[in-house]
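# Inside the fold
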Amino acid sequence: MKEKLICAPFNAVYITVFLLFFALFAVGVYVLRKKPERTRAVVLSAAMLITLVGFFVYKIFLSKDADFSRITAEAGQGGFNWWGELPLQLCNINMILIPIAALSGKKVLQCFCFFMGPLGAGLALLLPGTGFEHYSILLPRMLGYFGTHWMVVFGSIALGALGLYKPKFKDYFLTLGSAFSVAFVIFLINVVLRVTERNAFSNYFFTHDPEGNPILELFHSWLPYPFLCLIPCALILTPYVMLITGICRLAEKRGEKEEKAEAAE
């Protein structure tokens, strides 16, 4: 059975998992759409907190996964190390911040999560890390990896879908500023972990090594220096944020017209 449930980007298993999470998201938005804002925020926060608990359970299983340690060691990533599995990747940080953004209403957090969550987790799903592609979805590490990443994708989008955050074009500057500020802090953490030898391969946010990611490898070839290699990511962030904001603004205006039409009737 396990051999028949291999998960890789866009194969049948991958698409099935995506559809399951999309269905959960769609049902959740439909059920909550007319609930009070506080209720929507609390439910979304609860879902992400459950995801956070699941994340740590998944990491415990990963620590006991000898095959994963062998695969990552052979790839030059040092094998399993708790200092390398902290919730400090872009996806993990969003998993932690989404509940805070939902409950507090802080725009800078909402901007960061709404835009960076789907982008970071989406890229991780399209380009799975070492040890997470072409393996059975029934493996604990595969369930944990794909489960947490899909939850971050839809949890981030839910901030907008549930009306907790309405993006504006001027939010681009908050998004870009918060993204690079967080990335720089993570870069410093990587440096400390490497210098103290807690984790000689620490590479959260890929500040030191693109680890086979073709997009980041291109950027690294332009600026082959730690942290600075992330600066070209602005070339992706700029059109991405503007496009998503434009779509959201059009959808918002259409919704307002429909509400006026219903009121007139």
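A brief structural summary. The model shown is predicted, which means the values in this text are computed figures rather than measured ones. Residue indices begin from 1 for each chain and proceed along its sequence in written order. Reporting in this predicted model follows two pLDDT cut-offs: at least 70 for local features of residues, and 80 or more for side-chain atom pairs to be given and counted; totals over whole chains, interfaces and linings ignore these cut-offs and use all residues. Derived side-chain values reflect all non-hydrogen atoms in the structure, with water molecules and hydrogen atoms excluded from consideration.

## Topic: unusual backbone geometry
Phi is positive for phenylalanine 10, which is not a glycine, with a value near 75°. By definition, any uninterrupted DSSP run of H or I lasting at least four residues is a helix, any uninterrupted run of E lasting at least two residues is a strand, and each is numbered from the N terminus. Looking at the element boundaries, phenylalanine 10 is found in the loop between β1 (6-7) and α1 (12-32). Accessibility here uses a 1.4 Å probe with only protein chains present; expressed as a share of the type maximum, an area under 20% marks a residue as buried, one over 50% as exposed, and anything in between as partly exposed. Phenylalanine 10 sits in the exposed class, given a relative accessible area of 57%. One non-glycine residue with positive phi stands out, namely phenylalanine 205, at about 65°. Secondary-structure assignment places phenylalanine 205 in the loop between α7 (171-195) and α8 (214-222). The buried category is assigned to phenylalanine 205, whose relative accessible area is 11%.

## A closer look at the side chain of aspartate 65
Its location among the elements puts aspartate 65 in the loop between α2 (37-63) and α3 (66-74). Classification of aspartate 65 by relative accessible area gives buried; the value is 15%. Counting of polar contacts relies on pairs of N or O atoms within 3.5 Å, with two restrictions inside protein: one atom must be capable of donating a hydrogen and the other of accepting it, and residues adjacent in sequence are counted only when both atoms are side-chain atoms. For aspartate 65, the side chain forms a polar contact with the side chain of arginine 141, separated by 2.8 Å.

## Description of α7
To estimate how far a helix should extend, the number of its residues minus one is multiplied by 1.5 Å. Taking 1.5 Å as the rise per residue, α7 with 25 residues should run 36 Å; its terminal C-alpha atoms sit 36 Å apart, in good agreement. Of the residues trailing α7, glutamate 197 is marked for its positive phi of about 60°.

## Considerations on the packing of aromatic side chains
Geometry of aromatic contacts follows a simple scheme: Phe, Tyr and Trp rings, the Trp one being its six-membered ring, pair when their centres are within 6.5 Å, and the pair is stacked under 30 degrees between planes, edge-to-face over 60, tilted otherwise. Scanning all chains against the criterion turns up 25 aromatic pairs. A ring pair is formed by phenylalanine 22 and phenylalanine 25, whose centres lie 6.4 Å apart and whose planes are at 40°; its orientation type is tilted. A residue pair is termed a helical-turn pair when its members lie 3 or 4 positions apart in one helix, as phenylalanine 22 and phenylalanine 25 do in helix α1 at three residues. Ring-pair connections join several aromatic residues into one group, and the members of that group are Phe10, Tyr14, Phe18, Phe22, Phe25, Phe68, Phe132, Tyr145, Phe146, Trp150 and Phe154. A ring is scored as having a charge over it whenever the NZ atom of a lysine or the CZ atom of an arginine sits within 6 Å of its centre and within 35 degrees of its normal. Of note, arginine 33 hangs over the ring of tyrosine 30, and the distance from its end group to the ring centre comes to 4.0 Å. Looking at arginine 141, its charged tip hangs above the ring of tyrosine 135, at a distance of 4.5 Å from the centre.

## A short note on the environment of proline 232
By secondary structure assignment, the location of proline 232 is in the loop between α8 and α9 (234-264). Take proline 232: its relative accessible area is 9%, and that puts it in the buried class. Leave out the neighbours within four places in its chain, and proline 232 touches Phe219, Trp222 and Leu223. The contact criterion used is simple: two residues touch if any of their non-hydrogen atoms lie within 4.5 Å.

Spatial relationships are all this shows, so hold off on functional conclusions.
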